[in-house]
Amino acid sequence: MPLYLTEDQEMLRDSASGFMAEKAPVAHLRKLRDSDDSIGHDPALWKEFAEMGFTSILISEDEGGLGLGHVEAGVVLEEIGRNLTPSPLLSTGIAAVAALQQGGKHHRDRWFPAIAAGDATVALAIDEGAKHGPAKTAMSAERSGNGFRLTGRKQFVVGGHNADMLIVAARTGGAPGDSDGITLFAVEKGAAGMTADPRRLADASIAARIEFDGVEVDADAVIGEVDAGWGPLTALLSAGRAGASAELLGVGQGAADRTMAYLKERKQFGVIIGTFQALQHRAAHLYAELEVARAATLKAQQLLDAGSSKAHGAVHTAKAMTGLTAQLAVQEGVQMHGGVGMTDEYDVGLYMKRARTLAELFGDANYHADRLAREAGY
Amino acid sequence: MPAADADLDSFRADTRAWLEENCPPEMRTPMKGDADQCWGGRNFTFQSDAQKLWLERMAAKGWTVPDWPTEYGGGGLSREETKILRQEMARLGARLPLSSFGIWMLGPALLKYGTEAQKQEHLPPIARGEIRWCQGYSEPGAGSDLAGLQTRAVDAGDHYVINGQKVWTSYADKADWIFCLVRTNPDAPKHQGISFILFDMDQPGVEPKPIRLISGSSPFCETFFTDARAEKRNLVHEENKGWDVAKYLLGHEREMISGMGHDGAGKTLPQMAVEAVGADAEGRLADPLMRADIALFEVRAAAYRAQGERFNDEWKAGRLNPAQASMMKYYGTELNKRRNELVMAAGGSDALEWESDDSDGGKKARDWLRSKGNSIEGGTSEIQLNIVAKRILELPS
Ligand SMILES: Cc1cc2nc3c(=O)[nH]c(=O)nc-3n(C[C@H](O)[C@H](O)[C@H](O)COP(=O)(O)OP(=O)(O)OC[C@H]3O[C@@H](n4cnc5c(N)ncnc54)[C@H](O)[C@@H]3O)c2cc1C
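All chains use their own residue numbering, which begins from 1 and follows the written sequence. Labels are handed out in written order, letters beginning with A for the chains and numbers beginning with 1 for the ligands. Since the coordinates come from a predicted model, pLDDT governs what is reported: local features require at least 70, and pairs of side-chain atoms require 80 or more to be given and counted, while whole-chain, interface and lining totals use all residues. Calculated side-chain values reflect all of the structure's heavy atoms, with hydrogen atoms and water omitted.

### Describing the pattern of salt bridges
All names here are of chain A. Just so we agree on the cut-off: Here a salt bridge means any side-chain nitrogen of Lys or Arg lying within 4 Å of a carboxyl oxygen belonging to Asp or Glu. Runs of H or I in DSSP of at least four residues are treated as helices and runs of E of at least two as strands, each being numbered from the N terminus. Categorising residues by exposure relies on relative accessible area from a 1.4 Å probe, with only protein chains included: less than 20% of the type maximum marks a residue as buried, more than 50% marks it as exposed, and the intermediate range marks it as partly exposed.
Evaluated as defined, the whole model comprises 57 salt bridges over all chains. In this structure, the salt-bridge partner of glutamate 63 is arginine 108, at a minimum N-O distance of 2.8 Å. Residue glutamate 63 is located in the loop between helix H3 (43-52) and helix H4 (70-83), and its partner arginine 108 is located in helix H6 (residues 105-116); the two are separated by 45 residues in the primary sequence. A relative accessible area of 28% means that glutamate 63 is categorised as partly exposed. The exposure class assigned to arginine 108 is buried, which follows from its relative accessible area of 16%. Overlapping salt bridges bring together Arg30, Arg33, Asp34, Arg258, Asp344 and Asp347 as one network.

Right, here's the structure in full:
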């Protein structure tokens, strides 16, 4: 398969791009932020996402979805990134759907129609410390009656205070550091003993710290098999990381596009600043990094869609590369804007904040480079 | 399975069998240095019978230039078949049978701009490794500003008389022929008075003088022309339109240079580093700062491989802005320099040895120094960035 978008994928990109520009440009984020919203996204927009089919991209046609793949998911997520659109699509429509596809028909029957209709959101309760490290999961899930009792703490659960369901990684066996012994659970909103403490992040999104104080769940809350949650968790994380890569690419590209426009408009010393070679070279270098990051992202998405054994490494590469590149784009962006880059009025600073959050989500560049190194035996 | 895929599968099977049978065992080991490369040409001394045999067998199949048309000595393979051939050669560790500026640079330019007679005359000897070519572009006063070149070609009826000096002419002392940029109209604006001409180096008016590099070898020369003679039939494209050819060829050169250092033969950088530095109890490279440097380098290298694939696919589909070759050249060469810095850092004082057998004659150190030229030759990194800024980002000048 050639490493560029097919005609159908380009059509989807055009429609997603038109949709975001009209319904959810950066002004939408500003409005939400300045209205002191407590949800983190606009539920009416989420409904419209569903009507566009975005929420059911990965859901199979048999199960009422579009039956498309990670490339298509990435096409939409890139537009979300470019417009800084606050949306639960990545956690709900991409990562959660990928996990549930590996984890029991009853979950899919329960959640897919609601996700496809834009009536439900799902949040991911994986991280327990400030840095991502899913194998470090320590939260306990003890057998209790015909189900389990969950005890522990999660953080960086984006949208977790509002989600209809949480996918929670907990330990039924093994010790922190082992991938065996982790089990994934679907925990519904309002479960007794679960307390969410929402925190607004730098980019105006909301992530919760969640306390599980002996939360009781049934056996059929398990996604996949007991002690073998690493399988669906890997599916979740691969989808989430590939999707976050696409969104980061959009954030980086959006910042770069704004910066290029500014270089062609701002005058100093009687000339357009884009004539200065010092800035041209930095802009051209940034362009090269973005192109390389784009290739890495598309490669990962295509390999995931093909079910290739190489997808795993390609996803690590994509997430590391887009994390580095988007952060370069926003840093160069602010610098090349000069003083106005520091103002809230200009959008480039919003891109900087979003890039930082997404780069951290599902592991930063160091995490993924380290994984690649370990898997390559050094 | 679609018919086309079935055909490709059988092509792969045939190719694999043919290579197994015909590639001499000595030609299946990684090349140790420049000396192991086969450059062909009138004066080339083969290093071994195996090297000669390998060239002859591959040339007979047209596989020194697999994607050229068969009538010019090529293999007539499609892009997919060419890719399969390369994969199968890599699988076997087979060496490149022939390294040649004729193949990488002049050939593509002749295929696009040459007359039928020029193609017939020059392409088959390139494919067979009989004529070795060099590139006469740069001059002392015309490097990055190539179009400022001064070497003069004066019309003398059926030929041109050439006077002037080229510099950095790689392998001019070993080449048989030169493809050369000359000024045919000194009064026209600088880009419009240049012609692209081919001539034999074996004549009294052509004198190459080797220049020694920091890597110790002397792969390139100053080349002086004193009333040298070039036949008019060897003018490629129209008189004073040589800049078109030059630019087209530079695109190929950039693509070629951007791919250097990624041949995949031999040990990987992490393997080399672990051997030199050792590993901790968990198997991680013992120097954590070096490990981080290498791990982040490897991310970029993997991403760039994907970009290489994307570039080829888009090129094939005619979707590329030609200036993207500049982006590839810039990124690929900077990456290769970085890789060589890391190889030196990992190798420590072992890698500093310049002549010993243990170091294969200072291969690491010499490769490291040679890599610095990658971001200079074929247009410097700064020039590539200028091109991207202007032609892709459309920044004003
Ligand atoms: C290993 C090697 C092999 C080569 N082989 C050949 C060959 O076979 N045939 C051949 O003809 N030539 C060959 N060259 C020459 C090569 O093409 C030139 O060296 C190159 O184009 C740069 O020209 P220069 O050396 O005159 O440097 P200069 O043009 O003098 O550049 C000096 C510095 O100034 C910078 N600079 C120049 N102009 C600009 C600008 N507009 N904006 C920003 N920065 C600028 C450059 O980037 C560089 O950093 C080879 C060079 C090397 C290193």
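Having seen it, we continue.
### Some thoughts on the domain arrangement of chain A
All names here are of chain A. This is how it is decided: By convention here, the domain bounds are inherited from an automatic or database domain assignment. Note on contacts: a residue pair is in contact if any heavy atoms of the two residues lie within 4.5 Å. Summed over both partners, buried area is the accessible surface (1.4 Å probe) that two parts give up on being assembled. Between N or O atoms, a polar contact is any pair within 3.5 Å; within protein, one atom must be a potential hydrogen donor and the other a potential acceptor, and residues adjacent in sequence are included only when both atoms are from side chains. All amino acids are sorted into three groups, where Ala, Val, Leu, Ile, Met, Phe, Trp, Tyr, Cys and Pro are nonpolar, Asp, Glu, Lys and Arg are charged, and the leftover types, Gly among them, are polar.
For chain A, the assigned domains are domain 1 (7-121), domain 2 (123-228) and domain 3 (231-375). Computed from C-alpha coordinates alone, the two centres of domain 1 and domain 2 are separated by 23 Å. Contacts between the two partners involve 22 residues from domain 1, matched on the other side by 19 residues from domain 2. Buried surface at the junction of domain 1 and domain 2, summed over both partners, amounts to about 1,500 Å²; 58% is from carbon and sulfur atoms. Three residues, His107, Trp111 and Thr121, lead the burial of domain 1 against domain 2; their summed loss comes to 29% of the area buried on that side. At the junction of domain 1 and domain 2, the tally comes to 1 salt bridge. Measuring nitrogen to oxygen at the nearest pair gives 2.7 Å for the salt bridge that ties glutamate 188 to arginine 110. For the pair domain 1 and domain 2, the number of links is 9 residue pairs in polar contact (both at pLDDT 80 or more). Contributions of two or more residues to the side of domain 1 that touches domain 2 are made by helix H2 (26-34), helix H5 (89-100) and H6. The element that contributes the greatest number of residues to the side of domain 1 that touches domain 2 is H5, accounting for 5 residues. When the residues that make up the side of domain 1 that touches domain 2 are grouped by side-chain class, the tally is 8 nonpolar, 9 polar and 5 charged.

### Structural notes on the environment of B:Ala35
All names here are of chain B. As for its placement among the helices and strands, alanine 35 is situated in the loop between helix H1 (3-22) and helix H2 (49-61). A relative accessible area of 56% places alanine 35 in the exposed class. Sequence separation of alanine 35 and methionine 328 is 293 residues, and the distance between their C-alpha atoms is 28 Å.

### Notes on the packing of aromatic side chains
So the rule is basically this: Between 30 and 60 degrees the pair is tilted, below 30 it is stacked and above 60 it is edge-to-face, where a pair is any two Phe, Tyr or Trp rings, Trp via its six-membered ring, whose centres lie within 6.5 Å. Placement of a positive charge over a ring is assigned whenever Lys NZ or Arg CZ falls within 6 Å of the ring centre and within 35 degrees of the normal to the ring plane.
Under the counting rule described, the total for this entry stands at 23 aromatic pairs over all chains. Ring geometry for B:Trp18 against B:Trp63: centres 5.2 Å apart, planes inclined by 75 degrees, an arrangement best described as edge-to-face. Within this pair, whereas B:Trp18 is found in helix H1, its partner B:Trp63 is found in the loop between H2 and helix H3 (79-92), the two being separated by 45 residues in sequence. Owing to a relative accessible area of 17%, B:Trp18 belongs among the buried residues under this scheme. Accessibility expressed as a relative area gives 7% for B:Trp63, which makes it buried. Here a set of aromatic residues connected by ring pairs shows up, and it is made of B:Trp133, B:Tyr137, B:Trp177, B:Phe179 and B:Phe196. In this structure, B:Lys112 is placed above the aromatic ring of B:Tyr248, and the distance from its NZ or CZ to the ring centre is 5.5 Å. Over the face of the ring belonging to A:Tyr4 we find B:Arg319, whose NZ or CZ atom lies 4.1 Å from the ring centre.

### Topic: the domain arrangement of chain B
All names here are of chain B. Under the domain assignment used here, chain B contains domain 1 (3-99), domain 2 (133-240) and domain 3 (262-391). The centre of domain 1, based on its C-alpha atoms, is set 31 Å off from the matching centre of domain 2. Taken together, the contacts link 5 residues of domain 1 with 5 residues of domain 2. Carbon and sulfur atoms make up 33% of the area that domain 1 and domain 2 hide from each other, which totals about 420 Å². Sorting the residues of domain 1 by area buried against domain 2 places Asp34, Trp39 and Arg42 first, and these three jointly supply 82% of that buried surface. The tally of links from domain 1 across to domain 2 stands at 1 salt bridge. Note that aspartate 200 and arginine 42 form a salt bridge whose closest N and O atoms lie 2.9 Å from each other.

### Focus: the packing of H4(A) against H5(A)
Residues and elements named next belong to chain A. Formally: Working convention: axes come from line fits to C-alpha atoms, limited for helices to the stretch in contact. Angles between N-to-C directions cover 0 to 180 degrees. Any angle that falls under 35 degrees is termed roughly parallel, while one over 145 is termed roughly antiparallel, one within 65 to 115 roughly perpendicular, and all others oblique.
Between H4 and H5, whose axes approach to 12 Å, the crossing angle comes to 170 degrees. In this view, H4 runs roughly antiparallel relative to H5, as classed from their interaxial angle. Residue-level inspection shows Ala73, Val76, Leu77 and Ile80 of H4 in contact with H5, the latter providing Leu89, Leu90 and Ile94. In terms of residue class, the contact of H4 with H5 is built from 7 nonpolar, no polar and no charged.

### Considering the interface of chain B and chain A
At the interface, 39 residues of chain B touch 40 residues of chain A. Of the roughly 3,400 Å² buried between chain B and chain A, counting both surfaces, carbon and sulfur atoms make up 65%. Summed over the shared surface of chain B and chain A, the number is 6 salt bridges. For B:Arg300, the salt bridge identified is with A:Glu289, shortest N-O distance 3.5 Å. The interface formed by chain B and chain A holds 15 residue pairs in polar contact (both at pLDDT 80 or more) in total. Of all elements in the fold, only helix H7 (269-277), helix H8 (288-316), helix H9 (324-347) and helix H11 (381-392) of chain B reach the threshold of two or more residues within the side of chain B that touches chain A.

### A look at the packing of H4(A) against helix H7 (residues 230-263) of chain A
All names here are of chain A. Quick reminder of the rule: In this scheme, a crossing is called left-handed if the near helix is turned counterclockwise away from the far one by less than a right angle; it is called right-handed if the turn is clockwise.
Running from amino to carboxyl end, H4 crosses H7 at an angle of 40 degrees, the nearest separation of the two axes being 7 Å. Accordingly, the angle class assigned to the pair H4 and H7 is oblique. The hand of the H4/H7 crossing is right-handed. Here H4 contributes His70, Gly74, Leu77, Glu78, Ile80, Gly81 and Arg82 to the contact with H7, which in turn contributes Ala239, Gly243, Ala246, Glu247, Leu249, Gly250, Val251, Gln253, Gly254, Asp257 and Arg258. Along the lines of polarity and charge, the residues of the contact of H4 with H7 split into 6 nonpolar, 7 polar and 5 charged.

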